[in-house]
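Spelled out, the chains give:
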Amino acid sequence: MQYQIADSWGFYVPMRSRNMEDPLERVARLASESAVVIFTLSGCCMCHAVKRLFCGMGVNPTVYELDHDPRGKEIERALMRLLGSSSAVPAVFIGGKLIGSMDRVMASHINGSLVPLLKEAGALWL
């Protein structure tokens, strides 16, 4: 199994499947493994924009591309339930806590609450 590392996006991590793991439990586990975790689809323009935002801030997010995972559809449905939305991606977790989709991330960035969250999670040091 290889990790795909792209300097401009952070780390793309292959999702290992655990046969009996509930999709919501899997999301919670994956979200808690890094300071910033983004669940995306490779062709999603909003996913691209949120990744660019974090990378532009100097944050190195862990990115899970759901369309590259055999159980990605299950994760997508779990994220839709968590977000209460018909769109599951991008789904951003900071410090293991669900922040939300692009609209919530941008609102946090504009109102100044995003940087303190990132610092608290250990994703930013300045």
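As the structure is a prediction and not an experimental result, all values here were calculated from the model.

Cut-offs applied
Residues numbered from 1 in each chain as written. Predicted model: local features only at pLDDT ≥ 70, side-chain atom pairs only at ≥ 80, totals over all residues. Heavy atoms only, no water. Helix = DSSP H or I, 4+ residues; strand = E, 2+ residues; numbered from the N terminus. Buried < 20%, exposed > 50% of the residue type's maximum accessible area, 1.4 Å probe, protein only. Contact = heavy atoms within 4.5 Å. Areas by Shrake-Rupley, 256 points an atom, 1.4 Å probe, with all protein chains shown as cover. Pairing = 2+ DSSP bridges. Axes fitted to C-alpha atoms, helices over the stretch in contact; angles between N-to-C directions. Parallel < 35°, antiparallel > 145°, perpendicular 65-115°, else oblique. Left-handed = near helix turned anticlockwise from the far one by under 90°. Nonpolar A, V, L, I, M, F, W, Y, C, P; charged D, E, K, R; others polar. pLDDT = per-residue confidence, 0-100. Polar contact = N/O pair within 3.5 Å; in protein donor to acceptor, adjacent residues only side chain to side chain. Phe/Tyr/Trp six-rings, centres within 6.5 Å; stacked < 30°, edge-to-face > 60°.

Enquirer: Hey, could you go over the overall build of the chain for me, with residue numbers and the actual values?
Expert: If you tally the helices and strands in the chain, you get 5 helices and 6 strands. Looking at the 126 residues of the chain, the share that counts as buried comes to 44%. Excluding contacts between residues fewer than 6 apart, the proportion of contacts in the chain whose partners are at least 24 apart in sequence is 63%. Counting every atom, the chain has about 7,000 Å² of accessible surface; 54% of that belongs to carbon and sulfur.

Enquirer: Tell me about the pairing of strand 5 (residues 91-94), residues and numbers included.
Expert: Judged by which residues are buried, strand 5 turns out to be covered on both faces: Ala91 and Phe93 on one side and Val92 and Ile94 on the other are all buried. Bridge analysis of strand 3 (residues 36-40) against strand 5 gives 4 bridges, and the strand direction is antiparallel. From the neighbouring strand, isoleucine 38 faces strand 5, where its bridge partner is valine 92. With 3 bridges connecting them, strand 5 and strand 6 (residues 97-100) associate as antiparallel partners. Bridge assignment links isoleucine 94 to a residue of strand 6, and that residue is lysine 97. The antiparallel pairing of strand 5 with strand 6 creates a hairpin that spans 2 residues between the two strands, and glycine 95 there sits at a positive phi of about 60 degrees.

Enquirer: Could you give me a rundown of the packing of helix 2 (residues 45-56) against helix 4 (residues 102-111), with the residues and numbers involved?
Expert: Two elements in contact, helix 2 and helix 4, have axes whose closest approach is 10 Å; the angle formed by their N-to-C orientations is 30 degrees. By the angle between their directions, the pair helix 2 and helix 4 is classed as roughly parallel. Judged by the twist between their axes, the crossing of helix 2 over helix 4 is left-handed. Contacts between helix 2 and helix 4 pair Met46, Ala49, Val50, Leu53 and Phe54 from the former with Met102, Val105, Met106 and His109 from the latter. Looking at side-chain class alone, the contact of helix 2 with helix 4 contains 8 nonpolar, 1 polar and no charged residues.

Enquirer: Account for the confidence of the model for the chain, naming residues and giving values.
Expert: When pLDDT is averaged along the chain, the result is 86, and 84% of the positions lie at 70 or above. Contacts for the low-pLDDT stretch residues 1-8, under 50 throughout, to residues beyond four places or in other chains number 14 contacts.

Enquirer: So what's going on with helix 1 (residues 23-31)? Residues and values would help.
Expert: Looking only at helix 1, the buried set comprises Pro23, Arg26, Val27, Arg29, Leu30 and Ala31. One side-chain oxygen of the residue at the start of helix 1 lies 3.1 Å from the amide nitrogen of leucine 24, identifying that residue as aspartate 22.

Enquirer: Tell me about the packing of aromatic side chains, residues and numbers included.
Expert: According to the stated counting rule, one finds 2 aromatic pairs in the structure shown. Where phenylalanine 39 meets tyrosine 64, the ring centres are 5.4 Å apart and the plane angle is 20 degrees; that geometry is what we call stacked. Linking phenylalanine 39 in strand 3 with tyrosine 64 in strand 4 (residues 62-65), this pair joins segments that are 25 residues apart in sequence. What links up through ring pairs into an aromatic cluster is the set Phe39, Tyr64 and Phe93.

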